[in-house]
Amino acid sequence: TVQFAYGTCTCTCTYVYVCKCCSDCRQGYVVDLNENLLREIPYNPDVANQEPPYTGPLQVLGPGFAPFKPYLRPYYFFPRIVGLLIFTCATGILFSAILLTVPVFTGRQLMSLVGVSGVPDIYTAAIGFYATWLACRASSTLLHYFSQGVTIFLQQCNIWALQILKCWVAGVLLFIVVPLLMGHLVDLVLIIPLRVPLDRTPLFYSTTEWALGLLHMKCTCGAIWLGNSGFKRKLDQMYMAGMRNLNLTFVVKEIAWPVILLLSLCITVPYTFFFGVLQGFGFEYRFSLLLYRCFFPIAMLYALVMVVVFLVTNHCIGLYNQVKDDKYLIGRQLVNIDNDEKVDSEEYVVPVQETGEQ
């Protein structure tokens, strides 16, 4: 919600700025309203034969009102206001048309370069909008550093080249390799047992598996952020560092490599066991393939059962401790004892959280 509001505010400010620039450059000079609608005229009493400007009836305004400022009403004021409104509407329509067509066209061209066709316009518009914004931002940044001198410009180019390389490596690992492995695993666990019969050969599509894995990776990250695990703290550390202070060694060793290793083991170990070890003992290929196809859904059901048992066990243990504390625990501090003895005995009190009693 905050990101959407920030984007909306940014687009609105950009639109207002564009309209103001157009009004200052062209429209104001056409309708002769480039400064204010009613331009102020300073009155100089030293100039001879100058009539004082109209200051308005002070008795009508009354006390408490702001002082009346002199102004000059230009000729054909109402037609000029109408022309100003027409120019403003035309500017808004032109800016809206450019805002809708340019990102879509840019996104289509980028997707065609990648080799993907038939993408909905909402995705091409998003891709084109971010590509256009990135190009404008990069151009403004390059011009800013280039204006400070060639040496500073080359230094910043080296820094940003290294930063882009680090972000590219981390992006490939986190947003291509991990989603692809996760999508392949989800395909083996859910999609193939439900859609492909046992006597048919399943087909794997890398793009479909990558999109499916990206969706499941997003859901998995949301579930991890709801908990309080060590991996959540690592993700928080990477998120707080940001792209500018990205630690590639930490990302590869602590985040990407454990996930890639786990997913790779989940995919390769069953395949090696059923098609390498079992066939080495003399089992037929069809029997090994049947066991391999049935292994993944059975393993998923077993994992779900174990997770449910673990959650129920923890809930029962917590409920048992709560009932025991409510029944037998009198308080968390010693009572009916002198202050001196209480100070001496406080260091020997066992915490309630560990044993449930003192």
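Residues numbered from 1 in each chain as written. Predicted model: local features only at pLDDT ≥ 70, side-chain atom pairs only at ≥ 80, totals over all residues. Heavy atoms only, no water.

Looking at this model, I keep getting lost on the overall build of the chain. Mind explaining?
Counting its regular elements, the chain contains eleven helices and two strands. Expressed as a percentage of the 358 residues in the chain, the buried residues total 18%. Look at the contacts in the chain between residues 6 or more apart in sequence, and 60% of them connect residues 24 or more apart. (Helix = DSSP H or I, 4+ residues; strand = E, 2+ residues; numbered from the N terminus. Buried < 20%, exposed > 50% of the residue type's maximum accessible area, 1.4 Å probe, protein only. Contact = heavy atoms within 4.5 Å.)

Help me understand helix H8 (residues 248–280), please; the structure alone is not making it clear to me.
Helical periodicity: at 3.6 residues per turn, an α-helix aligns residues three or four positions apart in one direction. When the terminal C-alpha atoms of H8 are compared, their 42 Å separation across 33 residues is substantially less than the 48 Å that a helix rising 1.5 Å per residue should span. Of all the bends in H8, the greatest, near 40°, is centred on alanine 256, and the proline proline 258 appears no more than four residues after it. Residues Phe250, Val251, Ile255, Ala256, Ile260, Leu263, Ile267, Pro270, Phe274, Phe275 and Leu278 constitute the buried set of H8. Buried residues along H8 sit against helix H5 (150–195), helix H7 (230–241) and helix H9 (285–328). Looking one or two residues beyond H8, the residue adopting positive phi is glycine 282, at roughly 100°. (Expected span 1.5 Å × (residues − 1). Bend = angle between axes of the 7 residues up to and from the residue.)

Would you mind going over the confidence of the model for the chain with me for this structure?
Reading predicted coordinates in detail is not appropriate for stretches of low pLDDT. Averaged over the chain, the pLDDT score is 76; the fraction of residues at 70 or greater is 71%. Across residues 1–10 the pLDDT falls below 50, and counting only partners more than four positions away or on other chains, this stretch makes one contact in the model. (pLDDT = per-residue confidence, 0-100.)

What exactly am I supposed to notice about the packing of helix H3 (residues 77–114) against helix H4 (residues 121–146) here?
When two helices pack together, their arrangement is given by the angle between their axes and by how far apart the axes lie. At a minimum axis distance of 6 Å, the contact between H3 and H4 shows a crossing angle of 95°. By the angle class used here, H3 and H4 are roughly perpendicular. Every residue of H4 that contacts H3 at Leu99, Pro103, Val104, Thr106, Gly107, Arg108, Leu110 and Met111 is listed here: Asp121, Thr124, Ala125, Ile127, Gly128, Phe129, Ala131 and Thr132. For the contact of H3 with H4, the class distribution of residues is nine nonpolar, five polar and two charged. (Axes fitted to C-alpha atoms, helices over the stretch in contact; angles between N-to-C directions. Parallel < 35°, antiparallel > 145°, perpendicular 65-115°, else oblique. Nonpolar A, V, L, I, M, F, W, Y, C, P; charged D, E, K, R; others polar.)

How should the nonpolar core be read in this particular structure?
Most often, soluble globular proteins have nonpolar side chains that are buried together. Grouped together as the largest cluster of nonpolar side chains are 24 residues, with contacts concentrated most on Leu185, Leu188, Tyr292 and Phe296. Broken down by secondary-structure element, the contributors of at least two residues to this core are H5, H8 and H9. When residues in this core are grouped by element, the largest group, ten residues, is from H8. Beyond its immediate chain neighbours, meaning those up to four positions away, leucine 188 contacts Pro193, Phe204, Ile267, Tyr292 and Phe296. (Core = buried A, V, L, I, M, F, W, Y, C linked by side-chain atoms within 4.5 Å.)

What is the right way to look at empty space enclosed by the protein in this model?
Over the atoms rolls a probe the size of a water molecule, and its path tells where empty space is left. Throughout the structure, instances matching the rule amount to one cavity of 30 Å³ or more. What lines the largest cavity is simply Leu188, Ile192, Pro193, Tyr292, Arg293 and Phe296. Going through the elements one at a time, H5 and H9 are the ones with two or more residues in the lining of the largest cavity. Split by residue class, the lining of the largest cavity holds five nonpolar, no polar and one charged. (1 Å grid on protein atoms, 1.4 Å probe; cavity = no way out; pocket = protein on both sides within 12 Å on 5 of 7 lines; lining within 4 Å. Points joined across faces, edges and corners; volume = space filled by probe spheres on them.)

Honestly, the side chain of lysine 232 in this entry has me stumped. Any pointers?
Inspection of the secondary structure puts lysine 232 in helix H7. In contact with lysine 232, other than residues within four places in its own chain, are Ile224, Trp225 and Gly227.

Is there a simple way to think about the packing of aromatic side chains in this case?
Enumeration according to the criterion identifies twelve aromatic pairs in this entry. Plain terms: the ring middles of phenylalanine 273 and phenylalanine 274 are 5.2 Å apart, the flat faces sit at 80° to each other, and that makes the pair edge-to-face. Phenylalanine 273 gets classed as partly exposed once you look at its relative accessible area, which sits at 40%. Centroid distance phenylalanine 274 to tyrosine 292: 6.3 Å. Interplanar angle 70°. Geometry classified as edge-to-face. Of this pair, phenylalanine 274 sits in helix H8 while tyrosine 292 is found in helix H9, placing the two residues 18 residues apart along the sequence. Accessibility expressed as a relative area gives 10% for tyrosine 292, which makes it buried. An aromatic cluster is present here, built from Tyr271, Phe273, Phe274, Phe275, Tyr285, Tyr292, Phe295 and Phe296 joined pairwise through their rings. (Phe/Tyr/Trp six-rings, centres within 6.5 Å; stacked < 30°, edge-to-face > 60°.)

Teacher, can you tell me more about H7 here?
Given a rise of 1.5 Å per residue, twelve residues ought to cover 16 Å, and the 17 Å separating the end C-alpha atoms of H7 matches this to within 8%. Phi turns positive, to about 80°, at glycine 242, one or two residues after H7.

Explain a nonpolar patch on the surface here, please?
Residues Leu99, Phe129, Tyr130, Trp133 and Leu134 make up a contiguous nonpolar surface patch of roughly 540 Å² in combined accessible area. For the nonpolar patch, the element with the most residues is H4, which contributes four residues. Relative to the assigned elements, leucine 134 resides in helix H4. (Patch = residues over 30% accessible without salt bridge, like charges linked within 9 Å, V, L, I, M, F, W, Y side chains within 5 Å. Areas by Shrake-Rupley, 256 points an atom, 1.4 Å probe, with all protein chains shown as cover. Salt bridge = Lys/Arg side-chain N within 4 Å of Asp/Glu carboxyl O.)

So what exactly am I meant to see when it comes to the side chain of threonine 124 here?
By secondary structure assignment, the location of threonine 124 is in helix H4. Relative accessible area serves as the criterion here: at 2%, threonine 124 is assigned to the buried category. Look past the residues within four positions of threonine 124 in its chain and what remains in contact with it is Pro103, Val104, Gly107, Arg108, Met111 and Val119.

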